[in-house]
Amino acid sequence: MNIPQSVIWEKGAIQLLDQRKLPHVTEYVTLDTVPAVFDAIQSLAVRGAPAIGIAAAFGVALSAMSHPTGDIDELKEQVLIDSGYLSQSRPTAVNLFWALNRMNDAVTRAVTADELRESVVAEALAIQKEDEDVCRSIGEHALPLFKDGDRVMTICNAGSIATAKYGTALAPFFLSKERGLQLSVFACETRPVFQGARLTTWELMQAGVDVTLITDSMAAHTMKTKNITAVITGADRVAANGDSANKIGTFGLAVLAKSFGIPFYIAAPLSTFDLDTPNGDAIPIEERNPAEITEVNGMRIAPEGIAVFNPAFDVAPADLITGIITEKGIVKPNEQAIAKLFA
Ligand code: MRU
């Protein structure tokens, strides 16, 4: 089965699948500087919470390799400055800060400059490998929620290229193919930058999963007329009480799912949970360039001078979430159950 990967560490540089060009062009670009990694994250060349964290982790490795000093204290200082810079690339996905914290710990632990350079590469590779295992495990826990013939709606892309491999919300569909279970996916196009139309459809079609594309505004009608049996999405940050931020439109799907009596699942690794954020109101929501809305593929579709509101994420409140599927199993979205996961 063809399951694509977005971040590959090769010969001391990142080979990055440029997600902005998909599905028409499958192009890997070389990133060998920290600013190039920052730009790739900010411009959505790499996107999806775990993949952002993985790219940033390799960014720290690039930082350590780019500073020639043999003085460990000087090297630590320079690498931590670069890590701080990378942390400003996007605000909502907590995996970015989680991965950078792990990298910072590896930097701080090192005793010599050579050891630091080796250990940051090893740590970034470990973060990536762990995420692949975690995603597969999320798929294993999610799969029993579905039965043969189910029709499942999703939004954005929480697939292989949003993670190390397999994805979170899309992992059960890859596994269903391996196991011969017939599941159909309805993918919301996900305005404004079409991660659903461009990326989710592309990934699932390559794997041979049955997938149908709809516009975001068709979700209610599709739930009603196409017998949607469940909704599953990824997350960028799960607060301590279970409120979950994900791509804009997710909140609306959660409200609709409740109204139709359809289970609404979030699939997210523990690295997406932020116990320091008490609830969804405290999650920073990124607002992006108005041009993402006023233009499509560089062509202006809205009048010059129009006011634009372009939040990239929204928050599905815990009471609309049936369960959060993690690598440790499915948890109820409440403070006690989530705290127990980390105990
Ligand atoms: O703006 P993006 O494309 O980075 O937003 C991505 C999402 O909202 C994903 O659903 C989320 O990061 C989960 S990825 C496994």
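Residues numbered from 1 in each chain as written. Predicted model: local features only at pLDDT ≥ 70, side-chain atom pairs only at ≥ 80, totals over all residues. Heavy atoms only, no water.

An unreviewed UniProt entry annotates the chain as Methylthioribose-1-phosphate isomerase of Domibacillus enclensis. Under the heading Pathway (unreviewed entry), UniProt records this for the chain: "Amino-acid biosynthesis; L-methionine biosynthesis via salvage pathway; L-methionine from S-methyl-5-thio-alpha-D-ribose 1-phosphate: step 1/6." UniProt's Catalytic activity (unreviewed entry) comment on the chain is quoted here verbatim: "5-(methylsulfanyl)-alpha-D-ribose 1-phosphate = 5-(methylsulfanyl)-D-ribulose 1-phosphate". (UniProt positions renumbered as here; feature names shortened; annotations may be inferred.)

Chemist: Before we move on, can you summarise the sheet that holds strand 8 (residues 237-239) with the specific residues and values?
Modeler: Read from one edge of the open sheet, 4 strands run 11-8-9-14, paired in mixed fashion. Only two strands of the sheet have a single partner each, and these edge strands are strand 11 (273-274) and strand 14 (313-316). Across 2 bridges, strand 8 lies against strand 11 in parallel orientation. What sits directly across from V238, in strand 11, is F273. (Pairing = 2+ DSSP bridges. Helix = DSSP H or I, 4+ residues; strand = E, 2+ residues; numbered from the N terminus.)

Chemist: Please provide a residue-by-residue account of helix 4 (residues 94-109), values included.
Modeler: The terminal C-alpha atoms of helix 4 lie 23 Å apart, and with 16 residues this matches the ideal 22 Å at 1.5 Å per residue to within 8%. Turning to helix 4, its buried residues are V94, N95, L96, A99, L100, R102, M103, N104, A106 and V107. Packed against the buried residues of helix 4 are helix 2 (49-66), helix 3 (72-86), helix 5 (113-142), strand 8 and strand 11. (Expected span 1.5 Å × (residues − 1). Buried < 20%, exposed > 50% of the residue type's maximum accessible area, 1.4 Å probe, protein only. Contact = heavy atoms within 4.5 Å.)

Chemist: Go over the site of the ligand with me, naming the residues and quoting the values.
Modeler: R47, R90, D236, N246 and K247 are the nearest of the 18 residues found near the ligand. G48 is positioned such that a nitrogen or oxygen atom in its backbone is 3.0 Å from an oxygen atom of the ligand. One nitrogen or oxygen atom from the side chain of D236 is found 2.8 Å from an oxygen atom belonging to the ligand. Counting atoms within 2 Å of the grid points, the majority share of the ligand lands in the largest cavity. Sorting the residues of the shell around the ligand by element identifies helix 2 and strand 9 (244-247) as the ones contributing at least two each. (Near = heavy atom within 4 Å. Polar contact = N/O pair within 3.5 Å; in protein donor to acceptor, adjacent residues only side chain to side chain. 1 Å grid on protein atoms, 1.4 Å probe; cavity = no way out; pocket = protein on both sides within 12 Å on 5 of 7 lines; lining within 4 Å. Sits in = over half its atoms within 2 Å of the grid points.)

Chemist: Tell me what's going on with the nonpolar core, and back it up with residues and numbers.
Modeler: In summary, soluble globular proteins display a tendency toward joint burial of nonpolar side chains. Among the nonpolar cores identified, the biggest contains 42 residues, and V7, I14, L16, V46, V60, L116 and V120 are the most heavily contacted of them. When residues of this core are traced back to their parent elements, those giving at least two are strand 1 (7-10), strand 2 (13-17), helix 1 (34-42), helix 2, helix 3, helix 4 and helix 5. For L16, the residues in contact, after removing those within four places along its chain, are S6, V7, E27, Y28, V29, L31, A40, A45 and V46. (Core = buried A, V, L, I, M, F, W, Y, C linked by side-chain atoms within 4.5 Å.)

Chemist: Explain the pairing of strand 4 (residues 151-154) to me, and be specific about the residues and the numbers.
Modeler: Bridge count between strand 4 and strand 5 (residues 184-188): 4 bridges; the pairing is parallel. Bridging across to strand 5, R151 finds its partner in S184. Regarding topology, helix 6 (residues 171-179) serves as the crossover connection from strand 4 to the parallel strand 5, and that connection is right-handed. (Right-handed = clockwise from strand over helix to strand, strands pointing away.)

Chemist: Describe the pairing of strand 6 (residues 210-214), naming the residues involved and giving the relevant values.
Modeler: As judged from the 5 bridges shared by strand 5 and strand 6, these two strands associate in the parallel manner. Among the inter-strand pairings, S184 is bridged to a residue of strand 6, identified as D210. In the classification by handedness, the crossover that spans strand 5, the intervening helix 7 (residues 195-206) and the parallel strand 6 is right-handed.

Chemist: Can you break down the UniProt feature "site: Transition state stabilizer" (unreviewed entry) in the chain residue by residue, with the values?
Modeler: Within the UniProt annotation, "site: Transition state stabilizer" (unreviewed entry) is assigned to C156. Its location among the elements puts C156 in the loop between strand 4 and helix 6. Residue C156 is classed as buried on the basis of its relative accessible area of 8%. Beyond its immediate stretch of four places on either side in the chain, C156 contacts R47, C188, T190, Q195, G196, T200 and K247.

Chemist: Quick one: what's the story with the pattern of salt bridges, residue by residue and with numbers?
Modeler: Summed over all chains, the structure comprises 14 salt bridges. Put simply, D114 and R117 hold a salt bridge, and the shortest N to O gap is 3.9 Å. Pair noted here: D114 and R117 are both in helix 5, with a separation of 3 residues, about one helical turn. Among the residues examined, D114 registers a relative accessible area of 57% and is labelled exposed. Residue classification places R117 among the buried residues on the basis of a relative accessible area of 18%. Note that K147 and D150 form a salt bridge whose closest N and O atoms lie 3.0 Å from each other. Here K147 falls in the exposed class, since its relative accessible area comes to 54%. (Salt bridge = Lys/Arg side-chain N within 4 Å of Asp/Glu carboxyl O.)

Chemist: Describe the domain arrangement of the chain, naming the residues involved and giving the relevant values.
Modeler: Once the domains are mapped, the chain shows domain 1 (7-136) and domain 2 (140-341). Just the C-alpha atoms count here: the centres of domain 1 and domain 2 sit 25 Å apart. For the domain 1 face of the interface with domain 2, the top three residues by lost area are R47, T92 and R136, together amounting to 27%. Our count for the contact surface shared by domain 1 and domain 2 stands at 2 salt bridges. E178 is paired through a salt bridge with R136; the nearest N and O atoms lie 2.9 Å apart. Summed over the shared surface of domain 1 and domain 2, the result is 18 residue pairs in polar contact (both at pLDDT 80 or more). Of all the secondary structure elements, the ones that give two or more residues to the side of domain 1 that touches domain 2 are helix 2, helix 4 and helix 5. For the side of domain 1 that touches domain 2, the element with the most residues is helix 5, which contributes 6 residues. Tallied by class, residues from the side of domain 1 that touches domain 2 come to 15 nonpolar, 8 polar and 6 charged. (Domains from an automatic or database assignment. Buried area = accessible area lost by both parts, 1.4 Å probe. Nonpolar A, V, L, I, M, F, W, Y, C, P; charged D, E, K, R; others polar.)

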